[in-house]
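Now for the letters of each chain:
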Amino acid sequence: MGCSISASDKVEPVEEENRPNPYGALSTPQSRYKPSKSRQCTDVFFLILMASFFLVLGLFLGYCIVHGNIYRVINGYDNCANVCGIQNYRITGDPRFECVGRDRKNERFLLVKNLDYFGDSNEHVQRICVKNCSEYGDYRQVFNRCLPKKAVSAADSFISKLGWHDFFQEAGEDLLLTWREILYLCLIGFAFSVILVILLRFFVGILVWVVLVGVILFSVAATIAFWYLYYQHNDNEDAETSYLGITIAQRQKSFYLICGILATIVSFCVIVVIIALRKRINLVVQLFVEAGKSITAMPLLLFEPLLTLISLFTVIVCWLYFSLWIQSAGFLTYVRKGFFIFKSDSTMKIAGFWNLFSMLWMCQFIIGCQHMVLGGAIATWYFTRNKNQLGYPIIYSFYNLIRYHLGSVCFGSLIIAIVQLVRILLLILQRYLKNKTGRCAQCILTCCQCCLYCFEKSLKFISGYAYIRVAMYGKNFCKSGREAFKVLVNNSLRVTVINSVGDFVLILTKVLVVVATVIIGVHMLQNKEGLQYMWIPLVLVGTFTYFVAHCFITVYEMAIDTIFLCFCEDCEQNDGILRPYFMSKSLMKFVENSRKAMYAGNEGQSPNVDPNCPRRRQRRHRPPGKERRRSVGNAFACLKLSDRWNFLPYGPSYASIINCATALSIAKTEPSLKFTEQYYRLSAHILRLYSQTP
């Protein structure tokens, strides 16, 4: 069932135990995700609405199945409504229906004559069930139909001009001949996809900067080439003159001039943008690294898109099957003597649109479930300090989806499905009015279609982040979407860099896997005897490899989006001093006050100086290694002064507490200090000093 939850209930570390230490302070909480008991089902109304919608779909299908026969569409029926290839039932009591109910088991093919006269009256159309299409000289068999040779010859002529005569038969022979190579290449493509994930895990920084440098070099090279062609392309006095009196050479020179100017502007903008956004590009690289760490910790995430792909394929197959039943439904209607049709009523027509919308809704629902599961699992990984105690985040995320948040997914998928249905209806209207309206009306419809397309893409983008926040906080879809939109607006520049540089790198990696697999396939098949069309198995292998790589890359995209949203939330909710960050030390470099959080100090003093700790050195510029050792030394020095602070007449100052809290945050990263007796002593004294400070 889908649930509303308090703002404080987010996916973050839960206290596993409150262990008192010898000095009276509570131990630092261990991080392990558990489904919160305070979660409630979100957007239940839309879950009930979806269940009711599919219940009505079941009623529509039952009505169509009762009044339909799927073989009416598959095999067709003759003038007397006798379905070809089956035994038909007789209708008695009316002499008009005496030809209805004939046995057509041996007549499996439908032949339709006078198609050129087909109209609303059906006066000239003749439908006949035949045993063999070859008995009629002007017709050829195509599946369960006998089509005129004129139409088939036109298609054959087109194929022959392309050199594809008997194309389908030869293509089938090629597939049978190369099935082993196809299997090997599919395995190679899968292996390349796995290697790709490993490369993204360890060498993503190099890959991103190689891509960006390649873009710069390509743009600069294109600029130089256009200007070179412009200066080398002199006007030819004897050149052919166009009807406007301008020589072709002059037109080409003008073309090179325009291209050179545009290429120069593009190159300059690319270089300036990359230099200006280099820090944010480094953030993209680090998000890739963190995404690789999360996938390494939860490798089963890579197989979740495969489950989504299978589910989507199942939904589409069911939609096609239901469409056949709906299309075949109808009531036997007398048109003229010896001619009957099956006419659909309004309920059957509504059932067709209902079935279409159910397919759109269900597809978006499945994609939303994938986002929710992946987002919840990766958010759990991010907000867990001890990554060795993750537990089963994928199972817990799936449990939260099924138990609490199905309604939110129903709501989000419903909005996108409605926009998609409006686009389809508008496209049908546009084609219907294509030859009945002027260019102005067609232009307006095209603009509406473009606006709806952009609106759909925007909804999908925001819904993805909304699902992540639902998994993190357990709020309903509207609140999560609003908060996600605020986060995206506040970090618009970061979002732009991530969705431009990150998506470009991911698309390039998919293309790289497909191209590498196809090149190996060319090498394997180039000397294959009897192979007529090498591109047929290569296209099949390339398509399979692309979908496999897409499944792996989809997990990376979702991991990057989730970690980025968690990163923004971590920066907003925590300060790194009294409320330590959940992010890694590498991500802390991109927080504006991270250096202050790591090395806090008093105003006007070096960030490393603690006025209450002994042996301080007034050095303002220290190497990072010395700063780290200095902070760890401050942690021990603060421990030694803790007893003195208890007897100070005026109590400790806020500056002392902040400095010791900073030392504590540094000590947590030291294996020699983390979770030791000194660590707990320092934590206890900070809490006690904070309570004593006025």
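Just above sits the structure.
Residues numbered from 1 in each chain as written. Predicted model: local features only at pLDDT ≥ 70, side-chain atom pairs only at ≥ 80, totals over all residues. Heavy atoms only, no water.

Trainee: Break down the sheet that holds strand β2 (residues 126-130) for me, citing the residues and quoting the values.
Mentor: If you walk across this open sheet you meet the four strands as β2-β1-β4-β3, and the pairing is mixed. Of all the strands in the sheet, the pair left with one neighbour each is β2 and β3 (139-142). On average, adjacent strands in this sheet sit at an angle of 35 degrees to one another, irrespective of strand direction. Relative to β2, strand β1 (residues 109-113) is paired through five bridges, and the arrangement is antiparallel. Counted as the bridge partner of K113 is Q126 from β2. (Pairing = 2+ DSSP bridges. Helix = DSSP H or I, 4+ residues; strand = E, 2+ residues; numbered from the N terminus. Axes fitted to C-alpha atoms, helices over the stretch in contact; angles between N-to-C directions.)

Trainee: Tell me about unusual backbone geometry, and name the residues and values.
Mentor: A positive phi angle, near 55 degrees, is found at D43, a position not held by glycine. In this structure, D43 sits in the segment before α1 (44-66). Judged by relative accessible area, which is 15%, D43 ranks as buried. A positive phi angle is found at A81, which is not glycine, with a value near 65 degrees. Here A81 is to be found in the loop between α2 (71-74) and β1. Of the residues examined, A81 reaches a relative accessible area of 6% and is grouped as buried. (Buried < 20%, exposed > 50% of the residue type's maximum accessible area, 1.4 Å probe, protein only.)

Trainee: Go over the state of the cysteines with me, naming the residues and quoting the values.
Mentor: All told, the structure shown has three disulfides when counted by the stated rule. Through a disulfide, C80 is tied to C99; the S-S separation comes to 2.2 Å. Here the disulfide of C80 and C99 is left-handed, its torsion about the S-S bond being about -105 degrees. You can see C80 sitting in the loop between α2 and β1 and its partner C99 sitting in the loop between α2 and β1, a full 19 residues away along the chain. C99 shares its class with C80; the two are buried. Here C133 pairs with C146 through a disulfide, and the sulfurs are 1.7 Å apart. Between C133 and C146, the S-S torsion sits near -75 degrees, and that sign places the bridge as left-handed. Within this pair, whereas C133 is found in the loop between β2 and β3, its partner C146 is found in strand β4 (residues 145-148), the two being separated by 13 residues in sequence. Here the two residues C133 and C146 agree in accessibility, since each one is buried. Cysteine pairing for the protein, with bonded cysteines counted in sequence order: 1-3, 2-4, 5-6. (Disulfide = S-S within 2.5 Å.)

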